[in-house]
Structures are given as C-alpha cells and as structure tokens.
Amino acid sequence: MLAATIFLYGSNIRWHGSFDRALTVSQKSQKPIFVVLVERGCDECRELFTEILMQKRIVEIVNTKTVPVIVTKENEDYPIELLYTLDFPAIFLLSPQEVLLKPPLTGKMDAALLEKELLDEL
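Draft legend 1. Spatial organisation of the overall build of the protein. Regarding its fold elements, the protein presents 5 helices and 4 strands. When its helices and strands are written in sequence order, the protein yields α-α-β-α-α-β-β-β-α. In summary, the protein has a C-alpha radius of gyration of 13 Å against a globular reference of 14 Å for 122 residues, a match within 12%. With respect to the three principal axes, the spread of C-alpha positions in the protein is 30 × 30 × 25 Å. The burial tally for the protein puts 44% of its 122 residues in the buried class. Sequence-distant contacts, at least 24 apart, represent 70% of the contacts inside the protein between residues at least 6 apart. Here the protein displays about 6,500 Å² of accessible surface, and carbon together with sulfur accounts for 51% of that area.

Written out as structure tokens, the structure is:
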C-alpha cells in the first residue's frame with residue numbers, strides 16, 4: 001500500500017531507486033542526499049507523501065538542491081547504523097561523504113518546519 005501511495009502521490013519528486021544509486025549521484029553532483037526512511041503500515045509515512053511532499057515549494061527544493069531517495073526499514077539496503085531510528089517516517093540529510101548534516105526529522109511532519117530545515121541547511 002505504501003509503495004502505491006509513493007508512486008501515486010510522490011511522483012513530483014524525482015526519487016532514486018536505491019540508496020547506493022543516490023549516493024553515487026550525490027558524490028558526482030556534490031548535492032546532499034535527502035533520505036526518507038519509512039516502514040510499512042505507518043500512517044504518518046503515508047501522510048508525509050500525500051500531503052507534505054506534494055507541496056510545490058518542497059518539491060522544488062528537494063529536486064533542485066538534493067538527491068532524493070526513499071528507503072524502507074524492511075529492505076535494509078541502506079547504512080542502518082548511520083540512519084538508525086525507531087520513529088517513522090524519518091528524514092535524513094546526508095553529505096556526499098555520508099555525514100549527517102543535521103539531526104533527522106522524525107514522526108509526524110509539518111510542511112513549514114520541513115521547508116525551514118531544508119532552506120536553513122541548503
């Protein structure tokens with residue numbers, strides 16, 4: 001269900017299919033990685049994609065200033081130690097060298113806060 005939500009509602013952001021691919025693109029472009037970590041059955045995760053990540057200004061910032069990627073807790077194809085959290089969804093901003101640029105945003109998101117955090121860092 002979450003995958004369908006991401007496909008239907010998150011299509012305005014140009015998501016990369018895997019963390020490794022996003023890392024490669026980040027290292028080449030020198031743009032930070034915008035990692036959204038979700039888990040199945042998470043209502044707040046669904047809300048993030050259907051409400052916040054659909055807002056035009058956020059889509060613009062994410063697409064132009066970052067390399068966006070979605071990873072799922074269940075896949076474990078990402079650096080688990082670096083992106084460890086018990087709260088979902090979680091948004092991490094990483095440098096091309098895989099260094100956290102700021103503490104992650106977790107749980108229920110607010111569009112204004114997300115936009116401010118992105119603009120402050122980027």
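From this point, the discussion proceeds with the structure in view.
Draft legend 2. Spotlight on the pattern of salt bridges. Taken as a whole and assessed by the stated rule, the structure comprises 7 salt bridges. Between Asp43 and Arg46 there is a salt bridge, with its nearest N and O atoms 2.7 Å apart. Of this pair, Asp43 and Arg46 both sit in helix α3 (residues 43–52), separated by 3 residues, roughly a single helical turn. The salt bridge involving Arg57 is made with Glu115; its shortest N-O contact spans 3.6 Å.

Draft legend 3. Geometry of the sheet that holds strand β3 (residues 90–94). With mixed pairing, 4 strands are arranged side by side in an open sheet as β2-β1-β3-β4. Edge positions in the open sheet fall to β2 (67–72) and β4 (105–106), since each of these has one partner strand only. Across 2 bridges, the pairing between β3 and β4 is antiparallel. Paired with Ala90 across the strands is Thr106, a residue of β4. Contacting β1 (33–38), β2 and β3, α3 crosses the sheet at an angle of about 140° to β1.

Parameters at a glance
Residues numbered from 1 in each chain as written. Predicted model: local features only at pLDDT ≥ 70, side-chain atom pairs only at ≥ 80, totals over all residues. Heavy atoms only, no water. Helix = DSSP H or I, 4+ residues; strand = E, 2+ residues; numbered from the N terminus. Rg over C-alpha atoms; globule rule 2.2 N^0.38 Å. Buried < 20%, exposed > 50% of the residue type's maximum accessible area, 1.4 Å probe, protein only. Contact = heavy atoms within 4.5 Å. Areas by Shrake-Rupley, 256 points an atom, 1.4 Å probe, with all protein chains shown as cover. Salt bridge = Lys/Arg side-chain N within 4 Å of Asp/Glu carboxyl O. Pairing = 2+ DSSP bridges. Axes fitted to C-alpha atoms, helices over the stretch in contact; angles between N-to-C directions.

That's the geometry; what it means functionally is another story.
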